[in-house]
Amino acid sequence: MTDFDVVIIGAGAAGLMCAIEAGKRGRKVLVIESTDTIAGKIRISGGGRCNFTNRDTNPKNFLSQNPHFCISALRRYTPADFIALVEQHGIAYHEKKLGQLFCDGKSLQIIDMLVRECEAVNVEIRTATHIEDIQKLDVGFKLYLGRDDVTCTALVVACGGKSIPKMGATGFGYQMARQFGHDIIPPEPALVPFTFQNEQLEKFKSLAGVSVEAEVRHGKTRFAEAILFTHRGLSGPAILQISSYWQPGEDITLDLAPGQDMAAYLTDLKKSQPKLELHNALAQVLPRRVAQFICSETMVNGRLADLSHQKLLAVAAHINTWTIRPNGTEGFRTAEVTRGGVDTRGISSKSFESEIIPGLYFIGEVLDVTGHLGGYNFQWAWASGHAAGQVV
Ligand code: FDA
């Protein structure tokens, strides 16, 4: 039996940041990781270059049933703080777009940085370690680990959400939260591609691999970025973003030519170039395969001069306000994050301590705080881990 001040469950972004901060305060810290390697998601993130933060992080970039919860931690640990750490370790980075910061090299550099920081403050990390049971003591907790059981005063749950089960995502954090009396907002896949019914899918197949700059809308929420037609349905940044707001049975609206009034464009073109074929007119604005697709979807084609105003309006509507209903999503298998999770109304936004069980903390993705695509989810992991690390 070994006694620790702090045991952290999960060696991901949030858990490691919390370990570093607690270690800096002289706490004896153990991080328990169930898989063979630490920080698996950092390794694969950002296409292998880790979009480690977003310069423009703002509470508005996060979804939660309790939208104010994230404000305090995000204020106390900002993107500039994490950038300073990255620079201190000599890691080169660049802004790709929209404030998104990526490593110039591999995401492994971020993991190495976190490991070096952990080593500097004597944090112990045990991989391939399975928790058989957790018992609440009068003061603190006992964790049954098979061989060397451990006790701790503070127990931090940092085991992430349910996305990508083959990487070790288990939903264990929700189980623990329930065990200790916390409510769970139903966890659902987010930042995830949409799938479509067979008939719709057949049509999309002709477009597989085509990417279009579009605006995707769901109610009052809208994202203007690329969308990608795939063999399974729709993906790309704008689609992933809107998926976090979508519920089964709901429609989304695509504008394939954002900022361009297609009705006015086609009407003017009909006057100036009446002999122009519709698919060629559309191909001046859209990728050619999409232009052909729109013609076949609306069953309108031929020279602009021969097309009625009504037909042109129908084509324009199909481009500016194309309403479709996804059949579902690709699910946790490919979702970048989980929306929902431990209800933050039972957690302190200052310390991340449970308001039900003193000494129990929840940080990172396991909580009902979900960032937009673009480095926001890591910033939440760093900020929540940092906040808890100051008090555990
Ligand atoms: P995280 O999931 O990182 O860590 C939890 C850890 O706990 C894991 O190591 C897991 O194995 C472990 N664990 C689970 N159950 C356990 C148990 N019972 N006992 C012990 N350990 C257990 N975000 C971003 O901002 N920029 C990006 O570029 C990307 N890119 C990206 C790509 C892909 C493919 C995915 C899937 C996700 C992203 N993300 C992202 C999201 C980001 O990875 C995610 O939000 C953070 O990793 C969440 O950090 P946490 O530490 O909370 O959980």
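Since the model is a prediction, treat every value here as computed from it, not as a measurement.

On to the overall build of the chain. Each helix and strand in the chain was counted, giving 13 helices and 21 strands. Principal-axis analysis of the C-alpha atoms places the extent of the chain at approximately 85 × 40 × 35 Å. For the chain, the proportion of its 392 residues judged to be buried stands at 57%. Counting only contacts in the chain whose residues sit at least 6 apart along the sequence, the fraction spanning at least 24 positions is 72%. Per element, the accessible surface of the chain, about 16800 Å² overall, is 49% carbon and sulfur. For the chain, the distance from the average position of its 40 positive side-chain charges to the average position of its 41 negative side-chain charges is 5 Å.

Attention now goes to the site of the ligand. Around the ligand lies a shell of 30 residues, among which Ala14, Glu33, Asn51, Glu365 and Phe378 are the nearest. A distance of 3.2 Å is found between a nitrogen atom of the ligand and a backbone nitrogen or oxygen belonging to serine 34. Look at the ligand: alone it shows 1000 Å² of surface, and the protein chains cover 92% of it. Listed by contribution, the elements that provide at least two residues to the shell around the ligand are helix 1 (13–24), helix 2 (40–44) and helix 13 (376–389). Of the residues assigned to the shell around the ligand, the class counts are 13 nonpolar, 13 polar and four charged.

Further remarks concern the environment of isoleucine 110. When you line up the elements, isoleucine 110 lands in helix 5 (residues 108–120). The buried category is assigned to isoleucine 110, whose relative accessible area is 0%. Along the chain, isoleucine 110 and isoleucine 38 lie 72 residues apart, while their C-alpha atoms are 12 Å from each other. The residues touching isoleucine 110, leaving out its near neighbours within four places in the chain, are Ile42, Cys50, Phe52, Phe82, Val86, Ile91, Cys103 and Trp382.

A few words on the pairing of strand 8 (residues 133–136). As paired strands, strand 8 and strand 9 (residues 141–144) are joined by four bridges and run antiparallel to one another. In the sheet register, glutamine 135 faces strand 9, and the bridge partner there is lysine 142. Linkage of strand 8 to strand 9, two consecutive antiparallel strands, is achieved through a turn of four residues, within which glycine 140 is found at a positive phi near 90°.

The UniProt feature table records "domain: RsdA/BaiN/AoA(So)-like insert" (unreviewed entry) at residues 188–337. Here residues 188–337 is 37% helix and 23% strand, with 9 Å between the C-alpha atoms at its ends.

Here is what the cut-offs are and how they apply
Within each chain, residues carry numbers counting from 1 in the order of the written sequence. With pLDDT at 70 or above as the cut-off, local features in this predicted model cover only qualifying residues; side-chain atom pairs require 80 or more to be listed or tallied, and sums for whole chains, interfaces and linings still use all residues. Think of the side-chain values as coming from all heavy atoms in the structure, minus any hydrogens and water. To qualify as a helix, a DSSP run of H or I must reach at least 4 residues; to qualify as a strand, a run of E must reach at least 2; elements of each kind are numbered from the N terminus. Here's how the labels work: a residue is buried when its accessible area is under 20% of the maximum for its type, exposed when over 50%, partly exposed in between, all with a 1.4 Å probe on protein chains only. Here, two residues are considered to be in contact whenever any of their heavy atoms come within 4.5 Å of each other. Exposure was quantified through the Shrake-Rupley algorithm and a 1.4 Å probe, taking into account, for residues, occlusion by the shown protein chains and nothing else. In this tally, Asp and Glu contribute negative charge and Lys and Arg positive charge; neither His nor the terminal groups of the chain are included. For the purpose of locating charges, the reference atoms are NZ of Lys, CZ of Arg, CG of Asp and CD of Glu. Residues are counted as near a molecule or strand when any one of their heavy atoms sits within 4 Å of it. Polar contacts, as counted here, are pairs of nitrogen or oxygen atoms within 3.5 Å of one another; within protein the pair requires one atom able to donate a hydrogen and one able to accept it, and residues that are adjacent in sequence qualify only if both atoms are side-chain atoms. Under the grouping applied here, Gly and all other residues not named as nonpolar or charged are polar, the nonpolar ones being Ala, Val, Leu, Ile, Met, Phe, Trp, Tyr, Cys and Pro and the charged ones Asp, Glu, Lys and Arg. Following DSSP output, two strands are said to pair if at least two bridges run between them. UniProt positions are given in the numbering used here, feature names are shortened, and annotations may be inferred rather than shown by experiment.

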